[in-house]
Amino acid sequence: MRAVRTALVGVVGQSVLLGILALTVGVGARGWSVGIAVGVLVNVWLARALWTAGATALGPANLVTLLRATIAGAVAALVADASTHSLPVTPALTLAAIALSLDAVDGRVARATASTSQVGARFDGEVDALLILVLSVAVTRTAGWWVLAIGLWRYAFGVAGWVRPWLRGRLPFRQWRRVVAATQGIALAAGMSGVFARSVVIVILVAALVLLTESFTHDIWWLRTQRPAAATEPTGRRRVAGHVATGLAVALVWVALATPDRPLDLTATAFVRIPIEGLVLVAVALVLPGRGRRFLALMGGLGLGVLVLVRVLDIGFFTVLDRPFSPITDWSSIGPALSVLSDSIGRTKTILLTVGAVALVAVLVAAITAATIQVTRVAARHRRTTVRTVASLGAAWTLFAVLGLTTAAGVPVASRSAALAVSDEVTQIQAGLRDQHTFNTELSAVDPYRLAPSSSLLTGLRGKDVLLVFIESYGQVAVQDSAFSPQIDALLKAGTSTLSNAGYSTRSAFLTSPTFGGGSWLAHSTTESGLWITNQARYKALAASSRFTLSQAFERGGWRTVFDMPATTGPWPEGEGLYHYDTLYESTNVGYAGPPFNFAKIPDQYTLQQLDQRELAPPSRRPLFAEVVLDSSHAPWTPLPHMVPWNDLGNGSIFGPMTFHVASPVTVLSSSKRAGAAYAESVRYTLNALISFLARSDDKNLVVIALGDHQPAPIVSGYAATHNVPVMIFARDHKVIDRMSGWGWQSGLLPDPNAPVWRMDTFRDRFLKTFGPGGASTVNASGSGS
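Residues numbered from 1 in each chain as written. Predicted model: local features only at pLDDT ≥ 70, side-chain atom pairs only at ≥ 80, totals over all residues. Heavy atoms only, no water.

Section: the packing of helix α5 (residues 118-143) against helix α7 (residues 175-193)
- Relative to each other, α5 and α7 sit at 30°, their axes nearing to 9 Å. Accordingly, the angle class assigned to the pair α5 and α7 is roughly parallel. The hand of the α5/α7 crossing is left-handed. In this structure, α5 contributes Asp124, Ile132, Leu135, Ser136, Ala138, Val139 and Thr142 to the contact, and α7 contributes Arg178, Ala181, Gln184, Gly185, Leu188, Gly191 and Met192. (Axes fitted to C-alpha atoms, helices over the stretch in contact; angles between N-to-C directions. Helix = DSSP H or I, 4+ residues; strand = E, 2+ residues; numbered from the N terminus. Parallel < 35°, antiparallel > 145°, perpendicular 65-115°, else oblique. Left-handed = near helix turned anticlockwise from the far one by under 90°. Contact = heavy atoms within 4.5 Å.)

Some remarks on the packing of helix α16 (residues 417-444) against helix α19 (residues 536-543)
- α19 packs onto α16 with a crossing angle of 30° between their chain directions and a minimal axis gap of 11 Å. On the basis of the axis angle, α16 is roughly parallel to α19. Our pair here, α16 against α19, has a crossing hand that is right-handed. Between α16, through Asp435, Gln436, Phe439, Asn440, Glu442 and Leu443, and α19, the contact on the second element is made entirely by Ala537, Arg538, Ala541 and Leu542.
- Its residues placed into classes, the contact of α16 with α19 shows five nonpolar, two polar and three charged. (Nonpolar A, V, L, I, M, F, W, Y, C, P; charged D, E, K, R; others polar.)

Let's talk about the packing of aromatic side chains
- If you walk through the whole model with that rule in mind, you get 21 aromatic pairs.
- Between Tyr592 and Tyr606, the aromatic rings sit 5.1 Å apart at their centres with planes inclined by 65°, giving edge-to-face as the arrangement. In this pair, Tyr592 sits in the loop between β6 (583-585) and α22 (604-616) while Tyr606 sits in helix α22, placing the two residues 14 residues apart along the sequence. Take Tyr592 and Tyr606: they sit in the same class, and that class is buried.
- Site record: aromatic cluster; members linked through ring pairs are Phe554, Trp559, Phe625, Trp743, Trp745, Trp758, Phe763, Phe767 and Phe771. (Phe/Tyr/Trp six-rings, centres within 6.5 Å; stacked < 30°, edge-to-face > 60°. Buried < 20%, exposed > 50% of the residue type's maximum accessible area, 1.4 Å probe, protein only.)

Listed below in structure tokens is the structure:
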């Protein structure tokens, strides 16, 4: 009777949690049915197990496990409901994180209360398996159905136990088993989060599946060795599990050696190659004595694990920034990257993902090291077979290398990619060290504008309000040679006509950005400083220097200087130290009461209106220079705002409904077609907001320089795209445009393929010279940056 009451209480608890989700997230009938079904099955199983064991009470530890099961049922409801629409990632990931965290609690409670039991241990394992299965189903939406292998492994093991009773034997405690189980949850949660690129997710999940397979194979082998003698099968079959474990170790080392460093090369055929480094490792291990062999295996495994980590970083950098990871200059990018991630998904989830990623890296390096040790140990034990195998593969490698045989993707079958990767990293380190020295030299060089008196700065813009507007991810792909560029081109042509009717003259061209796919602040600082800021190390050196920036030039010339970036949420010392801004506007001090739009905290239309009301509208003021960042076109391009009547903007609450029932970032970023369409929609919104703002402005002295900061990520731009971004200048005073006559820029907002292309770091000096004393007669179009 007590067991029945326990089951009823559990089902009621499941119903209550589902009710809460229904009210807050909107779980439908399908999700509700699946959640209740999971709750009933779990609690019936628990009641039967308690009754069979003759237990008189559930116990505090089992209560914690039951709570985990209830949460797993709620996650199952969300996943089932997502079969008809996008998965609500935030609540699902939060519940999964809670359930995974509680996995470390129930065991401690059991030991602290002396209530450990067979039922509790098995219940804990079954709940782990249930949650992993649910998360596997969730991740199939982006990674493919093969991920179900992770969730089904435990159940396949259970079914096999019906056929082979010895598989139902009691396993001894093994800490590694717990680590592997925790790794599965972390890896699947990372895949479900939508934070990582699909190629990175696949690498993570493949590694998790390999670890899980190794763990189950180890347990199966151990159970076989513990069978009663009467049940022992032929000696040859007894070795199968051991052979499987060794085969998996060989496979893991093989994959580690053959893994490419570029997302486009990450195909199945990339692993159908012969890595010469593996053959050399085994050959050297054969000639070394036992202690030397073990040392070689340990150091080789650790080195290979680190190499795989660097390759994963390379894949991630190519996926987002279209360049490899630099071991010298890019470690300092991790902090800003985590800050951007926190702004996009929240601090808590960022911490959870960071901890999970660090744990997964540690497990991966340990697994590769263990696999390398296993391979060399087995090779030494079976010396004759190993010599023949290495000789055969070596001969095949030589033949394939001479013939130049390649895979379908054009990659040589005779692989030496690991050795080349090490060579590339050494080259990158040398290049990074040289880059730091080169930049320090440039930074310490004499800046001709630093000591210029105010009388010789920006005289051609005196009395003008100047806005330097950066449009997030507005790259050349938006206006040329893409499926969506005709729509944006039409908008720009119409905008040219609209602004011409409002009295504006416009010019446009292209600038070459120092960054691609991200790192907007590198483009901002390049434009302001006139130096080529390509990485975080250069940016930090610039921020600590006394380099003269455009904003400082306007400050010295008598302008009020303002920085307006709605995504900023915390202290930004560069605003005062490097740029000398009088006022910083960010997400918390502009009165916005609407919803955040992922990374973009505030819609661009609201940002422009607030700038107008706070800085341009007041009478009796100094001329204004403002650097404005319009970031509604920042990835992941969902949810997106749309234009509303300017008079209805109010405090921004009108944008509230726009964040409901939209595609999740995972859904958008899992397809280049969907990502491109969402990106184009975001750019159209931002351009519409900017053009509309200018058309309705009555400021006759307004001058606006608007430019992209970088191209969007390769999922939209492709991997062969340039670093070029459009740049536009708007002015009602024709004298401003006349001063630029020597630049060769084209009329209108849409630069064509023959428009001038300058490097972004040349803009500062050209601008200061053109709008300084005599600039109209001294500036010409010579010496372009590209």
